[in-house]
Amino acid sequence: TAAPYDYKDSSGTRALIVALGQSGVGVSGKGVVEGAGSALVDNTRGQQKAGYLTGDVTPALIAFKNCTNVSVSGLHLWYGPYAALTLTGCRNVSVQDVDVNGKHISTSLGIVVSGCSWVTMSGMFIQVTGEPVTASGNQHVTVERSVTDTGKILSAS
């Protein structure tokens, strides 16, 4: 059974893969990072209702917080019940050739970028029910050669 406890909780950041305050960090390859999709959403809501979990519990598949020189490339991020990738307070970030699939999960988001600078994203294909790319409070964020499953061209706005 998918449990929110499987997602590491560090400094308020829950994800399967977490980096906090690191430099020269990344995840790459032709692999799949797979979340538990709707099963995790249901389990998390049940845990919150029972009082075992409090606050906002919306884990990402991968989360980078306050990192520099970050690289994410060549990955398939599938069935993330919330955000596939979160970047918070990061600098000099490259996201390339990433495929996000959360289309049949009611709470799925693509990539969330907040308070970052010098972020370049390219070659992404994103299928989610929510926002494919959410960007707020950033400086110098570009999105190139990236689309959704409906053919919408993605941007950082």
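If you're wondering where the values come from, they're calculated on a predicted model, not measured in any experiment.

### Observations regarding the sheet that holds strand β6 (residues 68–73)
Phase 1 of the analysis: What the five strands build is an open sheet, ordered β3-β6-β9-β12-β15; its pairing is parallel. Of all the strands in the sheet, the pair left with one neighbour each is β3 (23–28) and β15 (139–144). Within this sheet the neighbouring strands show an average axis-to-axis angle of 5°, counted without direction.
Phase 2 of the analysis: Strand direction decides the pairing type here: strand β12 (residues 117–122) and β15, joined by five bridges, are parallel. Residue pairing across strands places Val-119 opposite Val-141, the latter belonging to β15.

### With respect to the pattern of salt bridges
Phase 1 of the analysis: Within this structure, the stated rule accounts for one salt bridge.
Phase 2 of the analysis: Linking Asp-149 and Lys-103 is a salt bridge whose minimum nitrogen-to-oxygen distance equals 2.9 Å. With Asp-149 in the segment after β16 (147–148) and Lys-103 in the loop between β10 (99–102) and β11 (109–114), this residue pair connects regions lying 46 residues apart in the sequence.

### Quick look at the pairing of β11
Phase 1 of the analysis: Where strand β8 (residues 83–88) meets β11, five bridges bridge the pair, whose relative direction is parallel. Paired with Leu-85 across the strands is Ile-111, a residue of β11.
Phase 2 of the analysis: With four bridges connecting them, β11 and strand β14 (residues 133–136) associate as parallel partners. Counterpart to Val-113 in the pairing with β14 is Ala-135.

Definitions and limits used
Residues numbered from 1 in each chain as written. Predicted model: local features only at pLDDT ≥ 70, side-chain atom pairs only at ≥ 80, totals over all residues. Heavy atoms only, no water. Pairing = 2+ DSSP bridges. Helix = DSSP H or I, 4+ residues; strand = E, 2+ residues; numbered from the N terminus. Axes fitted to C-alpha atoms, helices over the stretch in contact; angles between N-to-C directions. Salt bridge = Lys/Arg side-chain N within 4 Å of Asp/Glu carboxyl O.

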